[in-house]
Amino acid sequence: MSKSLEANVDESKVLGWIKKIGTEPSASVPLLQEIQSEYGYLPREAMEIVIKNSAITSSQLYGVATFYSQFRLKPIGRHLIKVCHGTACHVRGADRLDTSVEHALGLKKGQDTALDGSYTVEQVACVGCCSLAPVMVVDDKVLGDLTGATAKRALKAHAKENDEKLQN
Amino acid sequence: MLKIRVGEGTCGRAAGSATVLELLMKQFPNDKITSVGCKGMCHREVIIEVEDSSSNKKYMFGDLTNKNVEQVVKFLKGEGQLPSDLIINSSDESDTTKFRYLSGQKRIALRNVGELTPTSIDQYIERSGYEAIKKIFNKGMSPDDVINEVKDSVIRGRGGAGFPTYLKWQFAKGAPGDTKYLICNGDEGDPGAFMDRSLLEGDPHNVLEGMIIGAYAIGANHGYAYIRAEYPLAVKNFGIAIVDAKEKGFLGENILGSGFSFDIKIKQGAGAFVCGEETALIASIEGQRGMPRLRPPFPAIKGAFGKPTIINNVETLGNIPWIILNGGKEYAKYGTEKSKGTKVFALAGAVKNGGLAEVPMGTSIRDVIEKIGGGSKTGKPLKAVQLGGPSGGCIPESLFDTIIDYDAINATGAIMGSGGMIIMDSSTCMVDLAKYFLEFTQLESCGKCTFCRVGTVRMKEILTRICNGEGKMEDIDTLEDLSSKIKTSSLCGLGQTAPNPVLTTLKYFKEEYLEHIKEKKCRAGKCKALITHTILKDPCVACSLCKSACPVGAITGTPKKLRSFEINHETCINCGMCVEVCRDDAIEVK
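Quick notes on the rules
Residues numbered from 1 in each chain as written. Chains lettered and ligands numbered in written order. Predicted model: local features only at pLDDT ≥ 70, side-chain atom pairs only at ≥ 80, totals over all residues. Heavy atoms only, no water. Salt bridge = Lys/Arg side-chain N within 4 Å of Asp/Glu carboxyl O. Helix = DSSP H or I, 4+ residues; strand = E, 2+ residues; numbered from the N terminus. Buried < 20%, exposed > 50% of the residue type's maximum accessible area, 1.4 Å probe, protein only. Core = buried A, V, L, I, M, F, W, Y, C linked by side-chain atoms within 4.5 Å. Contact = heavy atoms within 4.5 Å. Polar contact = N/O pair within 3.5 Å; in protein donor to acceptor, adjacent residues only side chain to side chain. Pairing = 2+ DSSP bridges. Domains from an automatic or database assignment. Buried area = accessible area lost by both parts, 1.4 Å probe. Nonpolar A, V, L, I, M, F, W, Y, C, P; charged D, E, K, R; others polar.

This brings us to the pattern of salt bridges. Residue and element names in this part refer to chain B. Counted under the stated rule, the structure contains 38 salt bridges over all chains. A salt bridge links Arg197 to Glu201, with the shortest nitrogen-to-oxygen separation between them at 3.2 Å. Placement of the pair is Arg197 and Glu201 together in helix α9 (residues 195–202), with a separation of four residues, close to one helical turn. Owing to a relative accessible area of 2%, Arg197 belongs among the buried residues under this scheme. Assessed through its relative accessible area of 3%, Glu201 is described here as buried. As a salt-bridge pair, Arg465 and Asp475 come within 2.5 Å of each other at their nearest N and O atoms. Remark: Asp475 occurs in helix α19 (residues 474–488) and Arg465 occurs in helix α18 (residues 450–467); sequence separation between them is ten residues.

Structure follows, in structure tokens:
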């Protein structure tokens, strides 16, 4: 993982969210959601600001951050690909989308982000578009009725639009 | 004057509804064009419905793209023929049997979805919206009157467990305390279900009104709408609904001058299947890890922040305003003796017409799949249906005549569940499916109970071994033994039901397990370790599509040179990409 993907945390922004959402323990999930929607993951620095300025303890915050699958502790690439692995997608060939995306990004086993920091791919439980299965979501765009080949084509088009390069 | 409704649920948007909407607005600047929720026919998106008030005709078009929508535009302007491949239904069509997707349904919870603009409170009000609340206050219905009306409807919780809704409300109403909470459970985590998404996206005011009625019945002044973060459109539309309802006085302090106050906050779920369980959901709202706790005390007595709390499913709440307005007895006219009303199902998988369907209880599974769903999508024979997701089970084709009824479905070993209906054809391997669900539950187990935490991992390992052709005969006994232990030794529904997919596939498809173990064979061609891909020389036309699709370069051959194509089994990873692109059925999977 290249160092450059790590975010520069703006303390005043984090303090602003704490002010808006609250300092009580029940604010933990929405605070982490706000941080992640800004930085794409949960930078340690931002979590420390929350702990210092709220009634949320470090064990609670870290516990919550590692419990819910939405949260990531590692930085992600510039674009996020979510390959849906809901039941409908599974029976209609989600594994072929995985193979296709991994190949296009040149990912080795255990890797989830392209070396140039362009794309991160993750497998998600269900995005709720089951009748369009198999589905993947690139940034916030839902693409449905894919095959291995059309998934790759869609990714190529996305890369071209966003000035990114694919490995294959 | 034309009235055009464009389906803009998540599925419509995925299919490109925004460009279609834009184009129509440009072409018909003086007509009424609205963006509405999903009509349920996700397989035909982008869908538009047109009402022509000058000719008094109605049309429904589907499969629209930014290109072919021009044909529809020309037709509507009287400049072209009716585009026959895009028309789904029209008022000219007298033979309704041809179009059974909607005619086999009874839409109560979904009555407004696809009919109105979800973000318009005025359109909701036009369609009798908030009339149920007005009825309660104008007629002076007491909380007990409301509960009795719901009792008459015999509605049971639509989230899966099927607990009588009125009874839950009665417990919470009777619980001592001034502060009570009503929570709407929109954490639809079951992979393969999207009923709640559609309802929250497409008719948020209906769910909101259901929440207000429930809160009034139990005496709650605070509410939470717990919605999955994976449903951004639902979160957005529900948020707008809250603001608008407050402005009109249906929500907030002293609702409609009744003296009753109720306020709602949205909490976004952060991706944990176990949070569908009541006590885990409460922990999550409190900002903790979503782990269930022992009941009693039940949430109705001691729930969120230690106060009496009721958690109702989105679909349950979506039925409530209709029940209050039309009477519980009217609702109970639909359904079977013990399961009343309607149920929404999300049809997906190997079915032709994937989407949402709301049917009266008592309809047979076969009718839902064949009449509404249109049968097999691929032409391959249907094999089974999975109901209730990871907590549910498989029902084989031979039992498709089972009716939709809590008890009838339980008798098969599956459960009604929240409404996910995944239809499978002969290309689905039942052992692989069981493995898939165990992988899911094992990942989602919160880890509190040992049997659920460790037992599901062991089951997954055994199933993986069987799929890899390394299974042993005693594995089946071990699976059954672990299943019964996990079921009895887990605190919450996740663990108690996690073995169901394995138990039902073992019950109905044992021969597939035996084939994997004894013959090292996967009849569905799914388990990669047990199959090989071979190019058949005769049907192959040497088009080279497979060669370019292969991600590992395992296919060799010269384009246009017949009989030259071959797969190198050393490098082939059996991903099946070649099969997907081959137009001539020239690749054999064995």
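A few words now on unusual backbone geometry. All names here are of chain B. Residues Arg295 and Pro296 are joined by a peptide bond in cis, for which omega reads -5°. Position of Pro296 among the secondary structure elements: in the loop between α12 (278–285) and β9 (309–313). Note that the residue after Pro296, namely Pro297, is joined by a cis bond; omega there is 0°. Of note, Pro297 is situated in the loop between α12 and β9. The phi dihedral of Asn56 falls on the positive side, at around 60°, and the residue is not glycine. Tracing the backbone shows Asn56 in the loop between β3 (48–52) and β4 (57–61). The class of Asn56 is exposed, set by a relative accessible area of 69%.

Another point: the nonpolar core. In terms of nonpolar packing, the biggest core is built from 93 residues, with B:Leu208, B:Phe238 and B:Phe262 touching the most fellow members. With nine residues, helix α10 (residues 204–218) of chain B is the largest single contributor of residues to this core. Leaving out residues up to four positions away in the same chain, B:Phe262 has contacts with B:Leu182, B:Met211, B:Ile212, B:Ala215, B:Ala220, B:Asn221, B:His222, B:Gly223, B:Leu251, B:Gly252 and B:Ile255. In this structure, A:Ile18, A:Leu31, A:Ala46 and A:Ile49 belong to the second largest nonpolar core, which totals 44 residues.

Next up on the list: the environment of A:Asn168. Residues and elements named next belong to chain A. Tracing the chain through its elements places Asn168 in the segment after α7 (148–161). Considering only alpha carbons, one finds Asn168 and Gln33, 135 residues apart in sequence, at a separation of 34 Å. Of the polar contacts made by the side chain of Asn168, one reaches the backbone oxygen of His103; its length is 2.7 Å.

So, on to the pairing of strand β14 (residues 420–425) of chain B. Residue and element names in this part refer to chain B. Counting buried residues along β14, six of its six residues qualify, which places the element largely inside the surrounding structure. With four bridges joining them, strand β10 (residues 342–349) and β14 adopt parallel strand pairing. Residue Gly349 lies in a different strand from β14, and its bridge partner there is Ile423. As paired strands, strand β12 (residues 382–387) and β14 are joined by five bridges and run antiparallel to one another. Looking across to β14, one finds that Leu382 is bridged to Asp425.

Turning our eyes to something else, we now look at the domain arrangement of chain B. Residues and elements named next belong to chain B. Partitioning chain B into structural domains gives domain 1 (2–94), domain 2 (121–331), domain 3 (342–425), domain 4 (430–519) and domain 5 (532–589). Here domain 3 meets domain 4 over a buried area of about 1,200 Å², counting both sides, of which 67% is carbon and sulfur. Three residues stand out in domain 3 for area buried against domain 4, namely Lys383, Pro390 and Cys394, and they jointly supply 43% of the buried area on that side. Note that Glu512 is salt-bridged to Lys383, the shortest N-O span being 2.8 Å. Connecting domain 3 to domain 4 are six residue pairs in polar contact (both at pLDDT 80 or more). Counting residues per element, the ones that place at least two in the side of domain 3 that touches domain 4 are β12, β13 (393–396) and α16 (406–412). A breakdown of the residues in the side of domain 3 that touches domain 4 according to their chemical character gives eight nonpolar, seven polar and one charged.

On to the interface of chain A and chain B, then. Between chain A and chain B, the residue contacts involve 40 residues of the former and 56 residues of the latter. Across the interface of chain A and chain B, roughly 3,700 Å² is buried in total on both sides, 58% from carbon and sulfur atoms. For the pair chain A and chain B, the interface holds four salt bridges. Residue B:Lys526 is joined to A:Asp95 by a salt bridge in which the shortest nitrogen-to-oxygen separation is 3.9 Å. Joining chain A to chain B, the criterion identifies 24 residue pairs in polar contact (both at pLDDT 80 or more). Elements with a contribution of two residues or more to the side of chain A that touches chain B: α2 (28–39), α4 (58–67), α5 (87–91), α6 (94–105) and α7 of chain A. A class-by-class count of the residues in the side of chain A that touches chain B yields 17 nonpolar, 19 polar and four charged.

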